[in-house]
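Each chain is listed here by its residues.
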Amino acid sequence: MLAFIIRRIVQSALVMLVVALVAFALFRYVGDPISSMVGQETSLADREALRTTLGLNDPFIVQFGRFIGNAIQGDFGISYRLQQPVMELILQRLPATLELALVSGLAAFIFGVSAGVYTALNRRGFLSTGIMAVSLIGVSLPTFLIGILLIWLFAVELQWLPSFGRGDTVALPGGWTTGFLTSSGRQSLILPAITLGLFQMTLIMRLVRAEMLEVLRTDYIKFARARGLSNRTVHFGHALKNTLVPVITITGLQLGAIIAFAIITETVFQWPGVGALFINSVRAVDVPVMAAYLVLIALIFVIINLIVDLLYYVVDPRLRVERGAARH
Amino acid sequence: MSDTKTPSRLFRLWDSDIAYSFRQSPLAIISGVVALVIILAAAFAPLIAPTNPYDPSSLNLMDGFTPPMQENAFTGSTFLLGADNQGRDVLSTILYGARISLFVGFSAVIFAMVLGITAGLIAGYRGGWVDAVLMRIADVQLSFPSILIALLIFGVARGFIPPSQRETMAIWVLIVAIGLSDWVQFARVVRGATMVEKGKEYVQAARVIGVNPIRILLRHILPNVMGPVLVIGTIGLALAIIAEATLSFLGVGVPPTQPSLGTLIRIGQQYLFSGEWWILLFPAVTLLALALAVNLLGDWLRDALNPRLR
Amino acid sequence: MTEPLLSVRDLVVEFPTRRGMLRALDGVSFDIAPGEVLGMVGESGAGKSITGAAIIGLIEPPGRIVRGEIRLAGERIDNLPPEAMRRIRGKRIGMVFQDPLTSLNPLYTVARQLIETIRVHLDMSEAEARAHAIGLLDRVGIPAAARRIDDYPHHFSGGMRQRVVIALALAAEPELVIADEPTTALDVSVQSQIIDVLKEICAERGAAVMLITHDMGVIAETADRVAVLYAGRMAEIGPVRDVILNASHPYTSGLMASIPTLVQDTDRLVQIPGSMPRLNAIPSGCAFNPRCNQAFERCRIEQPPLIDVAPRHAAACWLAEEETKNDG
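Keep in mind the model is a prediction, meaning the values are calculated, not measured.

Undergrad: Account for the overall build of chain A, naming residues and giving values.
TA: Of regular secondary structure, chain A possesses 12 helices and two strands. For chain A, the succession of helices and strands along the chain, N to C, is α-α-α-α-α-α-β-β-α-α-α-α-α-α. Counting only C-alpha atoms and orienting by the principal axes, one finds that chain A spans roughly 85 × 55 × 35 Å. The buried share of chain A, taken over its 328 residues, is 50%. Working note: accessible area of chain A is about 15000 Å², and carbon and sulfur atoms make up 67% of it.

Dropping the structure here:
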């Protein structure tokens, strides 16, 4: 068990190191950091002096080490575009993204699992056929089109919900701002959350359905029925738990995907989150922000992956003996 | 094991199962027709389109915002699907836009296919650390959503390209970014098939008589993995079209001078509140129809090639 | 003669497929007396498992019973509402499946699966059920049952798992146990142990057994009577000794001939030529006629009924009719 965790952590650290290298290369070699800091009239000698003071003439490995050291302390430099410390910019916008991701992730999981179980148990039902047909369209529908469709329906035609922004927010201690506490904040959250969660929901639903159908065909389910256990026990006691083992992995990864897809949703709804910040930085080639976002998103993915692995371990007793070997 | 077996098997596959399954599936036929119509219309856009929307001489700003099938009060022109903010014929912009979307989509999938097949072949044949490294990269990449990968690659590449060439290079960068985000599936299938074939005697024999085993493998493995590769490729095409549209919608894809369907939707979205719905609706419906049709075709192809999965 | 525990009359089971109806069982009739062991043999696809599934009411949809009846202690059970049938499963009819490796839910301990089953059928507290479960495991020969009960299925070997499966099937003391190839998936060295445990424990509780197998050796050692199925039809049924020594259906003779240990005359050790017809291509007349070296005109036209060849011994063969005529 411990060896397994250590191996996982080492792997994660390796991934982070590679990502950091890419981020550093981006940071260091895209454009000239000096020209973005000083004016046109600075002399070449002054520039060279500044280079030395900034350590830009140091060997690659030293610079990379310094980059990592700074990154660990949360220092990613100053945004070219907004002239503010990158970390400050990200921290300001992180609550908006995380709240959005949390709500849509939870909704996607709850509705996805319920719909998946329902369609698996009532395979030929009218409602199941309908859900499956809609889900097929759902998978093919680009996220941004879903967002536009929702805006058109609920903001333009029905005028029930706001079409952009986060509404009023309340500042909490620790620099966190939340939209949960105001009614305009909650209303503003609905459309982006649906947009962001819909694709993940259809994905989870189709996965749960497929897994559940697979599990329902297994011998232990037949044997459970042959022992006279009620449908309820067989479906929700035995089948569901076995279904959820593989689903956990994918769902965990979907959480990461949600944060990534937030880029699109935030753009459609002008949601003041990290994704919108990133896309604006890509457009403006604002390298420090891009580098920081790259590292941040990799970190989130690595952490989620680690948690998913451990969760897998907790749920499936077989792995406790075979030490994760069964995954491959 | 003989070479003569391969073409006949492919022929049989095409002749019986696939064709039969296609005839039996109305959804596949409709999807096929829709995809084909859009692809042909896009390919022959210069011949079909009423106007060339990117020829400044054919534009009249006075035509701007003409609703579909209505005569413009000032110029007297009518447009089947209306005109956009700059007075361009929406039908023509869609045809030219689909052309760009499909070009990027097909190029990206072909790029991903070549890359994935090569990587899979090398990983499967060489094994050892080459395999370990390649598959590790694949694993890591697979845990990230491909749209994010494409976006990051696009962003990084943009960073490295000098600003003066960003416009002209954008479409190629986009193709590479989407292709790089999508090679893993191909690599996995080919790697699996290679590992199976590698152990077989004819490969060993080829090695003994000094024939390059990679060439032999290619000839034997490719026919075996044609089915899965085709399925992944078809679904990959739908994903690539959506990815391109998404990036262009976000304003980081193709440059505004070569608007794709995603760019058109981005422009149309600005008129969502002011009531010029046609500027948004028609490109959106085209994109949706294209993506859905290709996706359904891929779905059908997967079922048809592997009935067990039904 | 006492009333049979189980009585199956003219059972017909069909599966609709794209290429028309498949008749998996075609007019099968037999009885099982209380405490009796009935062996059921036949090739795979002959309908042995379907018969078991029909009795316990778990035919996989879209398959269904289209004709005939099944009575348990005189009461019809083939048309019971699902809930009533569920209460019979496990409580009055137990079932043991082929593969112990897949018959147990991998995510739950043996204790949980046993206690759950016991408490569905018997009015016991958690603690009583646990004690009962330990007793059962002990009885089926699990060493240190009180400790091992809290293990997960993957902690047990195949043979041990099949013992657990038997304990589960017998948890509520059913009157009839259907054992569907209980040893096929096991190592040869433990096969006879499992059969012995099953036979002993059923004998001591007075439970009847329907033992489905394709191993005539097991039948010869274990069963009181044997029923031979071919292409969904009953070919021959009778006391084991009679059937082995005086096989009256050429198919049965062929089966016997393929068991080396039972045949003195080594010249007769031959495989039956050909293979069982697919269920959608059963020839007219006797289903066995294309493979039968004694077939004559009538066999190709008219389907033979079960004809008594001796007391309690019947065969569906026109030759049997000839013989009885000659005898009489």
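Having put the structure on the table, let's press on.
Undergrad: Lay out the sheet that holds strand E10 (residues 233–239) of chain C with the relevant residues and their values.
TA: Residues and elements named next belong to chain C. Here we have eight strands laid out as an open sheet, ordered E6-E7-E8-E3-E9-E10-E12-E11, and mixed in their pairing. Of all the strands in the sheet, just strand E6 (93–96) and strand E11 (307–310) have a single pairing partner and so form its edges. For this sheet, the mean inter-axis angle between neighbouring strands, taken without regard to orientation, is 20°. Here strand E3 (residues 37–41) runs beside strand E9 (residues 225–230); their pairing, made up of four bridges, is parallel. From the neighbouring strand, Val-41 faces E9, where its bridge partner is Val-228. Taken strand by strand, helix H1 (residues 48–56) contacts E3, E6, strand E7 (176–180), strand E8 (208–212) and E9, and its axis lies near 145° from that of E8.

Undergrad: I'd like to hear about the sheet that holds strand E1 (residues 6–17) of chain C, residue by residue, with values.
TA: All names here are of chain C. With antiparallel pairing, four strands are arranged side by side in an open sheet as E2-E1-E4-E5. A strand with exactly one partner marks an edge of an open sheet, and here the two such strands are strand E2 (20–32) and strand E5 (75–76). Alignment of strand E4 (residues 64–72) against E5, held across two bridges, turns out to be antiparallel. From the neighbouring strand, Arg-71 faces E5, where its bridge partner is Arg-76. Contacting E1, E2 and E4, H1 crosses the sheet at an angle of about 110° to E1.

Undergrad: Can you tell me about the packing of helix H6 (residues 143–157) of chain A against helix H7 (residues 183–216) of chain A, naming the residues and giving the values?
TA: Residue and element names in this part refer to chain A. Where H6 meets H7, the axes come as close as 9 Å, and the angle between the chain directions of the two elements is 150°. Here the hand of the crossing between H6 and H7 comes out right-handed. For the pair H6 and H7, the contacting residues are Thr-143, Ile-146, Gly-147, Leu-150, Ile-151 and Phe-154 in the first and Leu-191, Ile-194, Thr-195 and Leu-198 in the second. Here the contact of H6 with H7 is built from residues that sort into seven nonpolar, three polar and no charged.

Undergrad: For the pattern of salt bridges, give the residues involved together with the corresponding values.
TA: Residues and elements named next belong to chain C. For the structure shown, the criterion picks out 30 salt bridges over all chains. Two residues, Arg-9 and Asp-31, come together in a salt bridge whose shortest N-O distance is 2.9 Å. Of this pair, Arg-9 sits in strand E1 while Asp-31 sits in strand E2, and the two are 22 residues apart along the sequence. One salt bridge in this structure joins Arg-76 and Glu-69, with 3.5 Å as the shortest N-O distance. Ionic contacts of the salt-bridge type, sharing partners, join the residues Glu-14, Arg-23, Asp-26 and Arg-233 into one network.

Undergrad: If you had to explain empty space enclosed by the protein to someone new, which residues and values would you point to?
TA: All names here are of chain A. Inspection of every chain in the model, using the stated rule, returns five cavities of 30 Å³ or more. Of the volumes computed, that of the largest cavity is approximately 70 Å³. Grouping the constituent residues of the lining of the largest cavity by class yields 11 nonpolar, two polar and no charged. Its boundaries defined by the atoms lining it, the second largest cavity holds a volume of some 60 Å³. Sorting the residues of the lining of the second largest cavity by element identifies helix H4 (86–121), helix H10 (274–284) and helix H11 (287–315) as the ones contributing at least two each.

Undergrad: So what's going on with the interface of chain A and chain B? Which residues, and what values?
TA: Contacts between chain A and chain B engage 41 residues on the former and 37 residues on the latter. Approximately 3300 Å² of surface area, both sides summed, lies buried where chain A meets chain B, with 81% of it carried by carbon and sulfur atoms. A per-residue breakdown of the area chain A buries against chain B is headed by A:Ser140, A:Phe144 and A:Arg283, which together make up 17% of the total. Our count for the chain A to chain B interface comes out at zero salt bridges. Counting the contacts that link chain A with chain B gives two residue pairs in polar contact (both at pLDDT 80 or more). Sort the elements by how many residues they give to the side of chain A that touches chain B and helix H9 (residues 231–269) of chain A lands first, with eight residues.

Undergrad: Go over the packing of aromatic side chains, please, and point to the residues and values.
TA: Applying the stated criterion across every chain yields a total of 16 aromatic pairs over all chains. The rings of A:Phe24, A:Phe60, A:Phe64, A:Phe67 and A:Phe76 are connected pair by pair, giving a single aromatic cluster. For C:Arg298, the ring lying beneath its charged end belongs to C:Trp318, and the centroid distance is 3.6 Å.

Undergrad: Let's hear about unusual backbone geometry: which residues, and what values?
TA: Residue and element names in this part refer to chain C. Here the bond from Pro-61 into Pro-62 is cis, since omega is 10°, no more than 30 degrees from zero. Following the sequence through the fold, Pro-62 ends up in the loop between H1 and E4. Of note in this structure, Ala-73 is not a glycine but carries a positive phi near 50°. Along the chain, Ala-73 falls in the loop between E4 and E5. Although it is not a glycine, Arg-312 sits at a positive phi angle of roughly 65°. The topology assignment puts Arg-312 in the loop between E11 and strand E12 (313–315). Under the relative-accessibility criterion, Arg-312 is labelled exposed at 53%.

Undergrad: Break down the confidence of the model for chain A for me, with residues and values.
TA: All names here are of chain A. Here chain A shows a mean pLDDT of 82. Residues at 70 or above account for 93%. Taking the mean pLDDT of every element in chain A, the minimum, 62, falls on helix H12 (residues 317–322) and the maximum, 91, on helix H8 (residues 219–226). Within the model, pLDDT remains below 50 along residues 322–328, and this stretch shows 12 contacts once partners closer than five positions in the same chain are excluded.

Undergrad: Tell me about the side chain of B:Ser260, residues and numbers included.
TA: All names here are of chain B. The topology assignment puts Ser-260 in the loop between helix H10 (213–249) and helix H11 (261–269). Judged by its relative accessible area of 0%, Ser-260 falls in the buried class. When residues no more than four places from it in sequence are discounted, the contact partners of Ser-260 are Gly-97, Ile-100, Ser-101, Glu-244, Ser-248 and Val-254.

Undergrad: An account of a nonpolar patch on the surface is needed here, citing residue identities and associated values.
TA: A contiguous nonpolar surface patch, about 840 Å² in accessible area, is contributed by A:Leu102, A:Leu106, A:Phe109, A:Ile110, A:Phe111, A:Leu172, A:Trp176, A:Phe180 and A:Leu181. For A:Ile110, the position within the fold is in helix H4.

Undergrad: How would you summarise the environment of A:Ile9 if you had to cite specific residues and measurements?
TA: Residues and elements named next belong to chain A. Summarising the element assignment, Ile-9 is placed in helix H1 (residues 2–29). Given a relative accessible area of 43%, Ile-9 falls into the partly exposed group. Between the C-alpha atoms of Ile-9 and Pro-142, which are 133 residues apart in sequence, the distance is 35 Å.

Undergrad: Could you give an account of the nonpolar core, naming the residues involved and the relevant values?
TA: Core analysis: the biggest nonpolar cluster contains 126 residues, and A:Phe144, B:Leu148, B:Ile178 and B:Ile265 have the highest contact counts within it. Among the elements that take part in this core, H11(A) stands out by supplying 16 residues, more than any other. Residues C:Leu5, C:Ile88, C:Ile166 and C:Ile237 belong to the second largest nonpolar core, which totals 104 residues.

Rules used in this analysis
- Residues numbered from 1 in each chain as written.
- Chains lettered and ligands numbered in written order.
- Predicted model: local features only at pLDDT ≥ 70, side-chain atom pairs only at ≥ 80, totals over all residues.
- Heavy atoms only, no water.
- Helix = DSSP H or I, 4+ residues; strand = E, 2+ residues; numbered from the N terminus.
- Buried < 20%, exposed > 50% of the residue type's maximum accessible area, 1.4 Å probe, protein only.
- Areas by Shrake-Rupley, 256 points an atom, 1.4 Å probe, with all protein chains shown as cover.
- Pairing = 2+ DSSP bridges.
- Axes fitted to C-alpha atoms, helices over the stretch in contact; angles between N-to-C directions.
- Contact = heavy atoms within 4.5 Å.
- Left-handed = near helix turned anticlockwise from the far one by under 90°.
- Nonpolar A, V, L, I, M, F, W, Y, C, P; charged D, E, K, R; others polar.
- Salt bridge = Lys/Arg side-chain N within 4 Å of Asp/Glu carboxyl O.
- 1 Å grid on protein atoms, 1.4 Å probe; cavity = no way out; pocket = protein on both sides within 12 Å on 5 of 7 lines; lining within 4 Å.
- Points joined across faces, edges and corners; volume = space filled by probe spheres on them.
- Buried area = accessible area lost by both parts, 1.4 Å probe.
- Polar contact = N/O pair within 3.5 Å; in protein donor to acceptor, adjacent residues only side chain to side chain.
- Phe/Tyr/Trp six-rings, centres within 6.5 Å; stacked < 30°, edge-to-face > 60°.
- Lys NZ or Arg CZ within 6 Å of the ring centre and 35° of its normal.
- pLDDT = per-residue confidence, 0-100.
- Patch = residues over 30% accessible without salt bridge, like charges linked within 9 Å, V, L, I, M, F, W, Y side chains within 5 Å.
- Core = buried A, V, L, I, M, F, W, Y, C linked by side-chain atoms within 4.5 Å.

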